[in-house]
Amino acid sequence: MIQPHDDTYFMKRALQEAEAAYDKGEIPVGAIVVIKNQIIARAHNLTETLNDVTAHAEMQAITAAANFLGGKYLKDCTLYVTLEPCQMCAGALYWSQISNIVYGARDEQRGCIVMETKLHPKTVMKGGILEKEASEIMKKFFIEKRNLN
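Residues numbered from 1 in each chain as written. Predicted model: local features only at pLDDT ≥ 70, side-chain atom pairs only at ≥ 80, totals over all residues. Heavy atoms only, no water.

A. Quick peek at the environment of Val-29. Within the secondary structure layout, Val-29 lies in the loop between helix H1 (7-23) and strand S1 (30-35). Since its relative accessible area comes to 5%, Val-29 is described here as buried. Note: C-alpha distance between Val-29 and Thr-78 (49 residues apart in sequence) is 16 Å. The residues contacting Val-29, other than those within four sequence positions of it, are Glu-17, Ala-18, Ala-21, His-44, Asn-45, Ala-57, Val-81, Thr-82, Leu-83 and Met-138. (Helix = DSSP H or I, 4+ residues; strand = E, 2+ residues; numbered from the N terminus. Buried < 20%, exposed > 50% of the residue type's maximum accessible area, 1.4 Å probe, protein only. Contact = heavy atoms within 4.5 Å.)

Listed below in structure tokens is the structure:
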């Protein structure tokens, strides 16, 4: 039997992915996809590594989860992501028909909420899970980046 976990448990796994991005010099956003309490995809930002503006953590996680499931729809799946998805990622999540999105920190400038991006009508989104931790790694990254320039 699969041991049940809560949002905090899974967000900690997404934060591990954000740390991996941070270690690579990527904007530290991490994501995981879960179905039936099982992690089926792990990802983090790879925009610098791949020289690809679309290589956000969410996009990488969607692709990995779809490959795991053998289909393009992520019904009954939950995406845990350390930062509120941007407009591009929210659009991809719309098309994936993902059931749930759980995020850590808000993106007050480019997030899907402020941009009023529509999600799939059946998608449920909630935020603020380990918000402090998710916000701190982002702040640390950008402070360090500014000090290098």
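The structure having been displayed, the exposition proceeds.
B. Inspection of the UniProt feature "active site" (unreviewed entry) in the protein at higher detail. According to UniProt, the feature "active site" (unreviewed entry) maps to Glu-58 in the numbering used here. Mapped onto the elements of the fold, Glu-58 is located in helix H3 (residues 57-69). In this structure Glu-58 comes out as buried when scored by relative accessible area, which is 4%. Ignoring anything within four residues of it in the chain, the contact list for Glu-58 reads Ala-31, Leu-79, Val-81, Leu-83, Glu-84, Pro-85, Cys-86 and Cys-89. (UniProt positions renumbered as here; feature names shortened; annotations may be inferred.)

C. The sheet that holds S1, seen in detail. Spatially, S2-S1-S3-S4-S5 is the arrangement adopted by the five strands of the open sheet, whose pairing is mixed. Among the strands making up the open sheet, the edge pair consists of strand S2 (38-44) and strand S5 (124-126). Across the sheet, the mean angle separating the axes of adjacent strands is 15° when strand polarity is ignored. In this structure, S1 lies alongside S2, joined through six bridges in antiparallel fashion. Each bridged residue has a counterpart across the sheet, and for Ile-35 the counterpart in S2 is Gln-38. The sheet strands contacting H3 are S1, S2 and strand S3 (77-83), and the helix crosses S2 at an angle near 145°. (Pairing = 2+ DSSP bridges. Axes fitted to C-alpha atoms, helices over the stretch in contact; angles between N-to-C directions.)

D. Region of the structure containing the pattern of salt bridges. Going through the model one piece at a time under the given rule, you end up with four salt bridges. The salt bridge partner of Arg-106 is Glu-84, with a shortest N-O separation of 2.7 Å. You can see Arg-106 sitting in the loop between strand S4 (100-105) and S5 and its partner Glu-84 sitting in the loop between S3 and helix H4 (87-96), a full 22 residues away along the chain. With a relative accessible area of 1%, Glu-84 lands in the buried category. Where salt bridges share partners, they join Glu-84, Arg-106 and Glu-108 into one cluster. (Salt bridge = Lys/Arg side-chain N within 4 Å of Asp/Glu carboxyl O.)

E. Region of interest: the side chain of Thr-78. Tracing the sequence through the fold places Thr-78 in strand S3. Of the polar contacts made by the side chain of Thr-78, one reaches the side chain of Asn-100; its length is 3.3 Å. Those residues in contact with Thr-78, other than ones at most four positions away along the chain, are Ile-32, Val-33, Val-34, Ile-98, Asn-100 and Val-102. (Polar contact = N/O pair within 3.5 Å; in protein donor to acceptor, adjacent residues only side chain to side chain.)

F. Looking closely at the nonpolar core. Membership of the largest hydrophobic core comes to 36 residues, with the highest contact counts inside it found for Met-11, Val-33, Cys-77, Leu-79, Tyr-80 and Ile-98. When residues of this core are traced back to their parent elements, those giving at least two are H1, S1, S2, H3, S3, H4, S4 and helix H5 (131-148). (Core = buried A, V, L, I, M, F, W, Y, C linked by side-chain atoms within 4.5 Å.)

G. Quick look at the pairing of S3. Of all seven residues that make up S3, seven are buried, and the element is covered over most of its length. For S1 and S3, the ladder comprises five bridges, and the chain directions are antiparallel. Counted as the bridge partner of Ile-32 is Tyr-80 from S3. Taken together, S3, H4 and S4 form a β-α-β motif whose crossover is right-handed. (Right-handed = clockwise from strand over helix to strand, strands pointing away.)

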